[in-house]
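# Close look at the chain arrangement
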Amino acid sequence: MITLLDYGAGNVRSVVNAIESLGETVQLVRHAADLERAERLVFPGVGCFGALMRALREQGMREPLLRYLHAGKPFFGICIGLQALFAGSEEAPEEPGLGFFPGRVRRFTGELAVPHIGWNGIKAQQASPLFAGLRGDEKFYFVHSYHAVADEGAPVLTTTDYGLEFVSAVQQGAVVATQFHPEKSGEAGLKLLDNFLNASREAVTLQHCPKSTELAKRVIACLDVRANDQGDLVVTKGDQYEVREVREGGAVRNLGKPVALAADYYQQGADEIAFLNITGYRDFPLNDLPMLQVLEESSKRIFVPLTIGGGIRDFTDRNGVFTSALEVAARYFRAGADKVSIGSDAVLIVEQYLKSGQASGLSAIEQIAGVYGNQAVVISIDPRRVYVRKPEDVPHQVIATTEPGPAGEAYCWYQCTIRGGREGREVDAVTLAQVCEHLGAGEILLNCIDRDGTNSGFDLELINAVRGAVHIPVIASSGAGSAAHFLEVFTKTDADAALAAGIFHRREVPIEEVKETLRGKVEVRLT
C-alpha cells in the first residue's frame, strides 16, 4: 500500500495511475492522522510553492509530515514536493518550507526560456537503488520555473543543466525527491518509480551520465476531438479549420478514436499529447463528460504530459449558475490533464487588458496560473497574415516578410482570431503573446491559419517574431508535411517544440521518422 499526499491541487491522477500500473495500490491522505499510519509516502506537489505550503499548514499536515520525514520512512517527493523540503522559496518568500534539507529555492534567470519545460538529462552525484536498470543517459520530464539551491551538506542525488547546474534530485536514506516528474517520463520514469517501490534493491552507480545535460526539442502529437453526427467522439482534422468532408454528405472527418490514437503516439515516442476539444458545448463544459473520460482513460495508458484545450473559461449556465475558469481547469486537472490551453478567451482577456491598461486579477490566465503555476497555462494563438505596404499603416507589431503579399506588399502583421478562426480581432499575435506572458501564461502555442492543412512547412517568420518577443517556451504548429519540416523549424527558429496532427493521423509521417531525422542534428529524446 502506497499513501499519497494529495493536498488538493493539480494532476495527481497520473501519479496514482503510474503507481497502480506497477502493481501497487494507493490510499489518499484524507486527514493528518493518515500520515501517522503511512509506511510509504508519495508527495506529488503540483502548483505554486505558496499555495502548497499554505494548504499543508491549514490542513494540519505540516507537522505530521515533518515527523514522518524525520522518522526516515520511505518518502518520494515530486517537483514542488522536492522544493518543499528546503527552507523556503523566492516564489513565496512569506511561506516557510519544511526545512528538512539546507538551502532555498530560486527562480531561473538568464537568456533561456522560463519555465524549464521538457525532457532533460541527469548527472548522478551518488549511487542509489533508484538507478537499478537505468543507463544514465535517459531523459526525464521537467516543468518548473524555480529550482533548489542546496547548501553544503545537502544530500544531492542528481544535477541537471539549464543555463546553470541545478539540483534535480535529492536522497537521504529512504527520503527521495525529484524535480522532474517520473510519472510523466515514460518508461525511464516508471522504472525509477518501480525501484522506489522495491526498496530492497542495492545501490547502483550510473555508468553513462553525460558530462553536461541538454534540454531536448519536443515533438508533440495533437488530436482535435469532436462529436460526429452520430454523437461519438472522434479525432478529426481540418483544412484551414474546416473539419467536414467536401464529399460524403459533409460528414465530420473521422481519423480514429481519441484514446487509442493517443496511446499509439505514446508508444511511437511522442514527447507530449495535446487534446483540443472542438465539440460545441450544449450547456456547460463540466457536463462534457465524454472528454473527461478521454482524459481519465488516456492517463491510465500514457505516461507523458497531456494538455487539454477547449472550454477553459468562465461560464454561466442556462440556470444562472456561475462557474469560474479555475473550477473548469481544476476538473480537467483531476481527470488527468497536466496543462490547459486557452484560445479564444485569451484574445478577449488581452483586449480588456489593452483597454484598461491593467490586469484584473480575475482572468482565466491569472486565476489558473496563481493556483497551479504558470507552467500549467498554455495560450493557443490562431493568427492569419494581413499584408500592409508600410509598418506605419497599422497600429500593430509588423514584420518584414520574404513572402510578399498579393499586391507585392513587403510587410505583414499576424491578426489573432477567435471562434475557430472565423472571426478576426484587432490584436496581433506578438502583442497577445507578450500580454499573456505578463498575466502569467507559461507557454505559447502558435497555430498559423494560413499554413493549416497545407503541408508546406511551419511559418518560420511568425515563430521567430513571437519567440523573439517573449521569454516563455513557444510551440510551433500548423503546416508540417514532412520530417524535414521539423528539422527546419528547430534549426531556423528557437521554437522549443513542434506539433503536428494530420500527418500523424494519416500515417504519412510516423513520429519515429521525425525523431530519426532529428537525431544527431537536434537534441531529442530517443526511445
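Residues numbered from 1 in each chain as written. Predicted model: local features only at pLDDT ≥ 70, side-chain atom pairs only at ≥ 80, totals over all residues. Heavy atoms only, no water.

## A look at the pairing of strand β20 (residues 377–381)
Buried residues dominate β20, accounting for five of its five residues. Judged from the three bridges that link them, strand β19 (residues 339–342) and β20 form a sheet pairing that is parallel. Note that in β20 the partner of I342 across the bridge is I379. Note: β20 against strand β25 (residues 443–447), four bridges, orientation parallel. When the bridges of β25 are listed, S380 appears paired with L445. (Buried < 20%, exposed > 50% of the residue type's maximum accessible area, 1.4 Å probe, protein only. Helix = DSSP H or I, 4+ residues; strand = E, 2+ residues; numbered from the N terminus. Pairing = 2+ DSSP bridges.)

## Considering the nonpolar core
Judged by nonpolar contacts, the single largest core of 166 residues is most densely connected at I273, F275, I379 and F486. For this core, the leading source of residues is helix α12 (residues 429–439), giving seven residues. Not counting chain neighbours up to four residues away, the residues in contact with F275 comprise L223, V225, P258, A262, M291, V294, L295, S298, L306, T307, I308 and G309. Counting nine residues, the second largest nonpolar core, distinct from the first, contains C222, L445, A497 and L499. (Core = buried A, V, L, I, M, F, W, Y, C linked by side-chain atoms within 4.5 Å. Contact = heavy atoms within 4.5 Å.)

## Describing the packing of helix α14 (residues 483–492) against helix α16 (residues 511–518)
Interhelical geometry of α14 versus α16 gives an angle of 45 degrees and a closest axis separation of 8 Å. When the interaxial angle is binned, α14 and α16 end up oblique. Considering how the two elements wind past one another, α14 and α16 form a crossing that is right-handed. Where α14 approaches α16, its residues A483, F486, L487 and F490 are matched on the opposing element by E513, V514, T517 and L518. (Axes fitted to C-alpha atoms, helices over the stretch in contact; angles between N-to-C directions. Parallel < 35°, antiparallel > 145°, perpendicular 65-115°, else oblique. Left-handed = near helix turned anticlockwise from the far one by under 90°.)

## Overview of the pairing of strand β11 (residues 165–172)
β11 sits mainly inside the fold: six of its eight residues count as buried. Note that strand β10 (residues 156–161) and β11 share five bridges and pair antiparallel. What sits directly across from T160, in β11, is F166. Judged from the four bridges that link them, β11 and strand β12 (residues 175–178) form a sheet pairing that is antiparallel. The partner of Q172 across the bridge, within β12, is V175. In textbook terms, the turn of a hairpin is the stretch between consecutive antiparallel strands, and for β11 and β12 this stretch comprises two residues, one of which, G173, has a positive phi near 65 degrees.

## Brief notes about the packing of α12 against helix α13 (residues 460–467)
Where α12 meets α13, the closest approach of the two axes is 9 Å, and the angle between their N-to-C directions is 35 degrees. The interaxial crossing formed by α12 with α13 has right-handed handedness. Mapping the contact onto sequence places A429, V430 and A433 in α12 and L462, A465 and V466 in α13.

## As for the pattern of salt bridges
This model, assessed by the stated rule, comprises 34 salt bridges. When the shortest N-O distance is used, the salt bridge between E165 and K123 registers 3.1 Å. Here E165, found in strand β11, pairs with K123, found in strand β7 (residues 123–124); they are 42 residues apart in sequence, far enough to count as distant. (Salt bridge = Lys/Arg side-chain N within 4 Å of Asp/Glu carboxyl O.)

## Quick notes on the environment of L190
Take L190: it is sitting in helix α6 (residues 186–197). Between the C-alpha atom of L190 and that of L22, which follows or precedes it by 168 residues, the distance is 7.9 Å. Aside from chain neighbours lying at most four places away, what touches L190 is A18, S21, L22, P182 and F303.

## Points about unusual backbone geometry
Residue V114 is joined to P115 through a cis peptide bond whose omega torsion reads 15 degrees. Tracing the chain through its elements places P115 in the loop between β5 (103–107) and β6 (116–120). For S478, which is not glycine, the phi torsion reads 80 degrees and is therefore positive. Residue S478 is classed as buried on the basis of its relative accessible area of 8%. If you check the backbone angles, R507 has positive phi at about 60 degrees while not being a glycine.

## Brief notes about the packing of aromatic side chains
By the definition in use, this model includes 15 aromatic pairs. Ring centres of F108 and Y162 lie 5.6 Å apart, and the angle between their planes is 85 degrees; on these two criteria the pair is classed as edge-to-face. Taken together, the residues span a long stretch of sequence, with F108 in the loop between β5 and β6 and Y162 in the loop between β10 and β11 at a distance of 54 residues. You can call F108 buried: its relative accessible area is 4%. Here R107 stacks its cationic end above the ring of Y146, 5.7 Å away from the centre of that ring. The ring of W119 is capped by R525, whose NZ or CZ atom sits 3.9 Å from the centre of that ring. (Phe/Tyr/Trp six-rings, centres within 6.5 Å; stacked < 30°, edge-to-face > 60°. Lys NZ or Arg CZ within 6 Å of the ring centre and 35° of its normal.)

## Quick notes on the side chain of D496
Along the chain, D496 falls in the loop between α14 and β27 (497–500). Looking at D496, its side chain comes within polar contact range of the side chain of R467, at 3.1 Å. When sequence neighbours within four positions are dropped, the list of residues in contact with D496 reads A113, A216, K217, R218, R467, P473, V474 and F490. (Polar contact = N/O pair within 3.5 Å; in protein donor to acceptor, adjacent residues only side chain to side chain.)

## A look at α12
Taken across its eleven residues, α12 has eight buried, putting it largely inside the fold. Among the residues making up α12, those that are buried are A429, V430, T431, L432, A433, V435, C436 and L439. Between a side-chain oxygen at the N-terminus of α12 and the backbone nitrogen of V430 the separation is 3.1 Å; the capping residue is D428. After α12 finishes, the residue G440 shows a positive phi value of roughly 125 degrees.

## Description of the environment of R384
Note that R384 resides in strand β21 (residues 383–388). R384 sits in the partly exposed class, given a relative accessible area of 26%. Each C-alpha atom, one on R384 and one on V175, is 52 Å from the other, the two residues being 209 residues apart in sequence. In this view, R384 contacts W413, Y414, Q415, T417, G421, E423, G424, I449 and D450; residues no more than four positions away in its chain are not counted. Here G421 takes part through its backbone oxygen, which lies 3.4 Å from a polar atom of the side chain of R384.

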